[in-house]
Amino acid sequence: METPNTNPDTRPPLPDRLSVDPRSPHHVASIFEHDVGIRLNGKERHDVEEYCISEGWVRVPAGKTLDRHGKPLLIKVKGQVEAFYK
């Protein structure tokens, strides 16, 4: 028996661009109620902060470096991006 969070019929479709930052215009809170996975060039990444499938990039933290607001400094990594529900 599946719970409502794992039923594929109740999951919203994954957008072309998504961010984990709630202040971003690309943040969709209803998607984060489910486990989302990201593959970059066929390898699953667990540190993705933002992605864009059509432009082929993800933003990931650059080590332990922080910006002036105390948030991780992000770098853009390009490649083939695939988003999926776990």
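Data block above holds the structure.
Everything in this summary refers to the structure shown in the same document.

So, how was this worked out
Residues numbered from 1 in each chain as written. Predicted model: local features only at pLDDT ≥ 70, side-chain atom pairs only at ≥ 80, totals over all residues. Heavy atoms only, no water. Helix = DSSP H or I, 4+ residues; strand = E, 2+ residues; numbered from the N terminus. Polar contact = N/O pair within 3.5 Å; in protein donor to acceptor, adjacent residues only side chain to side chain. Contact = heavy atoms within 4.5 Å. Pairing = 2+ DSSP bridges. Axes fitted to C-alpha atoms, helices over the stretch in contact; angles between N-to-C directions. Phe/Tyr/Trp six-rings, centres within 6.5 Å; stacked < 30°, edge-to-face > 60°. Lys NZ or Arg CZ within 6 Å of the ring centre and 35° of its normal. Buried < 20%, exposed > 50% of the residue type's maximum accessible area, 1.4 Å probe, protein only. Salt bridge = Lys/Arg side-chain N within 4 Å of Asp/Glu carboxyl O.

Quick look at the side chain of glutamate 50
Within the secondary structure, glutamate 50 is located in strand β4 (residues 50–52). At 3.0 Å, the side chain of glutamate 50 forms a polar contact with the side chain of arginine 17. Apart from the residues within four sequence positions on either side, glutamate 50 is in contact with Arg17, Leu18, Ser19, His26, Trp57, Val58 and Arg59.

Brief notes about the sheet that holds strand β6 (residues 72–78)
Within a beta sheet, neighbouring strands are joined by backbone hydrogen bonds and run either parallel or antiparallel to one another. Strand order across the open sheet formed by 4 strands is β1-β4-β5-β6, with antiparallel pairing between neighbours. What marks the edges here is a single partner per strand, and that holds for β1 (17–19) and β6. Averaged over all pairs of adjacent strands, the angle between their axes in this sheet comes to 20 degrees, without regard to strand direction.

Re the packing of aromatic side chains
Applying the stated rule across the entire model yields 0 aromatic pairs. Positioned above the aromatic ring of phenylalanine 84 is the side chain of arginine 39, whose terminal nitrogen or guanidinium carbon lies 4.2 Å from the ring centre. The residue whose ring lies beneath arginine 59 is tryptophan 57, and the NZ or CZ to ring-centre distance is 4.9 Å.

Considering the environment of leucine 40
Within the secondary structure layout, leucine 40 lies in strand β2 (residues 36–40). Judged by its relative accessible area of 6%, leucine 40 is buried. Expressed as a C-alpha distance, the spacing of leucine 40 and valine 58, which sit 18 residues apart in the sequence, is 7.9 Å. Not counting residues up to four positions away in its chain, the partners in contact with leucine 40 are Arg45, Val58, Val77, Lys78, Gly79, Gln80 and Val81.

Examining the pattern of salt bridges
One pass over the structure, following the stated rule, counts 6 salt bridges. The closest approach of N and O atoms between glutamate 50 and arginine 59, which form a salt bridge, is 3.7 Å. Residue glutamate 50 is classed as buried on the basis of its relative accessible area of 10%. Where salt bridges share partners, they join Arg17, Glu50 and Arg59 into one cluster.

Considerations on the sheet that holds strand β3 (residues 43–45)
Strand order in this open sheet of 3 strands is β3-β2-β7, and the pairing throughout is antiparallel. The outermost strands of the open sheet, each flanked by one partner alone, are β3 and β7 (81–85). Strand-to-strand, the axes of this sheet are offset by a mean angle of 35 degrees, without reference to chain direction.

Regarding the pairing of strand β5 (residues 57–66)
As paired elements, β4 and β5 share 3 bridges and run antiparallel to each other. Counterpart to tyrosine 51 in the pairing with β5 is valine 58. The turn linking β4 back onto β5 is made up of 4 residues, and glycine 56 within it adopts a positive phi angle of 75 degrees. Taken together, the 6 bridges between β5 and β6 define a ladder with antiparallel strand orientation. The residue of β6 that forms the bridge with valine 60 is isoleucine 75. Counting the residues that bridge the hairpin from β5 to β6 gives 5 residues, and of these glycine 70 lies at a positive phi of roughly 85 degrees.

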